[in-house]
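Structural overview for review
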Amino acid sequence: MRELAPYLKLYKKHWFSLSLGMLLAFATLVASIGLLTLSGWFIAAASVAGLTIARETFNYMLPGGGVRGFAMGRTAGRWGERVVSHDATFKLLADLRIFFFKKLTPLIPGRFSKLRDADLLNRLVADVDAMDHVYLRLISPIIVGTLGIIALTVFLCWFDMTIGLTLGGILLSLLLVWPVLFYKLGKHNGTHLTQNKAKLRIATLDWVQGHSELVLFGAEPRYRQAITDHQDKLLKNQFKNANLTGLASALLLLANGWTMVLIIWMAADGMNGQPPGPMVAMLAFATMACFELLMPIAGAFQYLGQTVESARRLNEVLTATPDIIYPESGTESCKQASIQLNNVSFQYQDSKEYALNNVSIQLQAGKKMAIVGQTGSGKSTLLQLLTRQIDVTAGELSIGEHPIQQWTEKGLRQNISVVSQRVDILNGTLKDNLHLAKPDASDRELATILHEVGLGHLSDGSGLDAWLGDGGRQLSGGEKRRIGIARAILHNSPILLLDEPTEGLDKQTEQQIMQLLEKHSVDKTVIFVTHRLIGLESMDSIGLMEQGEIVELGTHKTLIAQEGLYHRLHQRL
Ligand code: ADP
Ligand code: MG
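An account of the accompanying structure is given in this report.

Cut-offs applied
Residues numbered from 1 in each chain as written. Chains lettered and ligands numbered in written order. Predicted model: local features only at pLDDT ≥ 70, side-chain atom pairs only at ≥ 80, totals over all residues. Heavy atoms only, no water. Axes fitted to C-alpha atoms, helices over the stretch in contact; angles between N-to-C directions. Helix = DSSP H or I, 4+ residues; strand = E, 2+ residues; numbered from the N terminus. Parallel < 35°, antiparallel > 145°, perpendicular 65-115°, else oblique. Left-handed = near helix turned anticlockwise from the far one by under 90°. Contact = heavy atoms within 4.5 Å. Nonpolar A, V, L, I, M, F, W, Y, C, P; charged D, E, K, R; others polar. Buried < 20%, exposed > 50% of the residue type's maximum accessible area, 1.4 Å probe, protein only. Donors = N, O, S within 2.8 Å, 3.2 Å for Na, K, Ca; no water. Core = buried A, V, L, I, M, F, W, Y, C linked by side-chain atoms within 4.5 Å. Pairing = 2+ DSSP bridges.

1. Quick notes on the packing of helix H8 (residues 220-267) against helix H9 (residues 279-290)
Their axes nearest at 9 Å, the elements H8 and H9 cross at an angle of 160°. Viewed along their axes, H8 and H9 adopt a mutual orientation that is roughly antiparallel. Crossing handedness for the pair H8 and H9: right-handed. In this structure, H8 contributes Asn256, Thr259, Met260, Ile263, Ile264 and Ala267 to the contact, and H9 contributes Val280, Leu283, Ala284, Thr287 and Met288. Across the contact of H8 with H9, the residue classes tally to eight nonpolar, three polar and no charged.

This is the structure we're talking about:
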């Protein structure tokens, strides 16, 4: 239950509309109980009056007006309550979703990048949605229910103390017992229901995303079966849930019936010493109506298990601290875009060996360095350190003579452009995909860049509004890479990091891209990571990496002259 605490705090911001919602709910309840109670008395009193001399004087108008007033009040109240409280809860959910997203973003490069897309989506959508139960199904019915019981008891005590207190006592004990009972009964199933819902989403998305591969390798039926299995489990959970809802209503109706019998029995001898009269009918109807205030509570608590599980899943993200925390204020820019690494080592959390070992690099502003080495030698890890996706395990890393820890995230991003090994294309227009790097770029600027990187054909047809990614045009590996390069050129920052930008491209394209990069990196500090030893003559320095260490360092000429590993690798070409 403690899991729900952070969400209760969220109600502060919308306290006014939420309280108004409760007030309207209370008014509706009063109208509802009042309607049945007054009608019960009215019909009984009218018939009694008809039999006696009182038929001449009985006032039909006032109670008749009251009944109509209560009926209209109930309708209007219910409508108002729904509008106000749903509006408030939707706003609250929107806030919560944004809050969750803001907390989630800095966690992504770290441990949370291991969470599945579908799982995150489920947290962001279904689990956040479940939080509306806290108000609509828990707080509001309990507060309104308690107030209703008190009001009804006071009202009935006015006529007969014993009967009023008896009914009040019964309702109050039901209000205390029911939630606890149904929370206990529904908890286990509710937790599993929430988990199985998430698993079903994950399995379905797996199947949709990998559909062509699954079909090609004949694994499709197995994956489809997994969906069916999860669905069956979820259906079982929902079946149990429906049973519980039925049980809660049935038991409540049973309690209602027996309470009515008891109250009628108590009232049958007359109330407050008076002989029995139409008031007996009033009491009977009041008893019948007052169970309306318990109805929402009976159902609500079996959902509490689900809500608590959803809250737990959200809290996992909300209370996590990011691996990397950027300073609020700090370095925003530097005079000289130099790069210094002093004895930098790095070890991945779940790995025994160091991915980087005692690496030292001094790169002055405007100089270009190539990092070469086989796959797995630690080249991409080095670039991740420079963009602070990860922090050094030991050693010092400075950008522009400022330790990287002093840079603000905004400053660091503005000063470094990266073409990463895997370029992500967002599901959006071509323009969206480029604007990411330079939000204020004009259409003309974007078109020019597209032509330069050889992607002019993408804007044929719908122009820059062409849709990319899911539901749109799928790009080849080479095209994605060029989008990455176009972004880096648009971003235009003093430091340029390239992670195998020409990997997987044909020779001709490779040359074009290299020329393009050369043209756009004239005054920039560049680190160019590659495993192909081609075109490195123009580099100011070359570092050869092996198993996380820089084993050879120099220019193309000096390294060839050394006749070491670089020389051998180069000769193999
Ligand atoms: P390169 O880019 O030179 O091919 P990487 O920097 O990607 O090499 O990887 C260096 C080493 O670190 C490899 O042995 C790789 O398996 C390991 N590694 C890379 N990423 C991770 C990770 N997230 N967790 C654990 N080990 C990793
Ligand atoms: Mg790599």
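2. As for the environment of Pro327
You can see Pro327 is positioned in the loop between helix H10 (295-318) and strand E1 (339-346). For Pro327, a relative accessible area of 24% corresponds to the partly exposed category. A sequence separation of 108 residues divides Pro327 from Ala219, and the C-alpha atoms of the two residues are 48 Å apart. Sequence-distant contacts of Pro327, defined by excluding residues within four places in its chain, comprise Arg388, Gln405, Gln406, Trp407 and Thr408.

3. Some remarks on the coordination of the magnesium ion (ligand 2)
Here the magnesium ion (ligand 2) is held by the protein donor atoms Ser380 (OG) and Gln421 (OE1), which lie 2.0 to 2.4 Å from it. Taken as a pair, Ser380 in helix H11 (residues 379-386) and Gln421 in the loop between strand E6 (416-419) and strand E7 (428-429) lie far apart in primary sequence, 41 residues in all. The class for Gln421 is partly exposed, based on a relative accessible area of 31%.

4. Here's the deal with the nonpolar core
In this structure, Met131, Leu171, Leu283, Phe291, Leu294 and Phe301 are the most contacted members of the largest nonpolar core, which totals 61 residues. Taken together, the elements giving at least two residues each to this core come down to helix H2 (15-51), helix H3 (61-104), helix H4 (117-130), helix H5 (132-159), helix H6 (161-209), H8, H9 and H10. Broken down by element, the residue count for this core peaks at 10 residues, all from H10. In contact with Leu283, other than residues within four places in its own chain, are Leu156, Ile163, Ile263, Ala267 and Met271. Grouped together as the second largest cluster of nonpolar side chains are 41 residues, Val453, Ile489, Phe528 and Leu565 included.

5. Some thoughts on the side chain of Asn122
Position of Asn122 relative to the elements: it lies in helix H4. By relative accessible area, which is 1% here, Asn122 ends up buried.

6. Examining the sheet that holds E6
Spatially, E6-E9-E10-E3-E11-E12 is the arrangement adopted by the six strands of the open sheet, whose pairing is mixed. Each edge of the sheet is formed by a strand with only one pairing partner; in this case those strands are E6 and strand E12 (549-554). Between one strand and the next, the sheet's axes are offset by a mean angle of 15°, whatever the strand orientation. Sheet topology note: the strand E3 (residues 368-373)/strand E10 (residues 525-530) ladder contains five bridges and is parallel. Pairing of Ile371 across the sheet is with Val529, part of E10. The sheet strands contacting helix H15 (residues 477-491) are E6 and strand E9 (495-499), and the helix crosses E6 at an angle near 170°.

7. Concerning the pairing of strand E4 (residues 394-399)
Two elements, E1 and E4, share five bridges in a ladder whose sense is antiparallel. Considered in E4, the bridge of Leu341 is made with Leu397. Two strands pair when backbone bridges link them, and E4 and strand E5 (residues 402-403) are joined in this way by two bridges, in the antiparallel orientation. Each residue of the ladder has a partner; that of Ile399, found in E5, is His402.

So, to be careful, I would describe these as geometric facts and stop short of saying anything about function.
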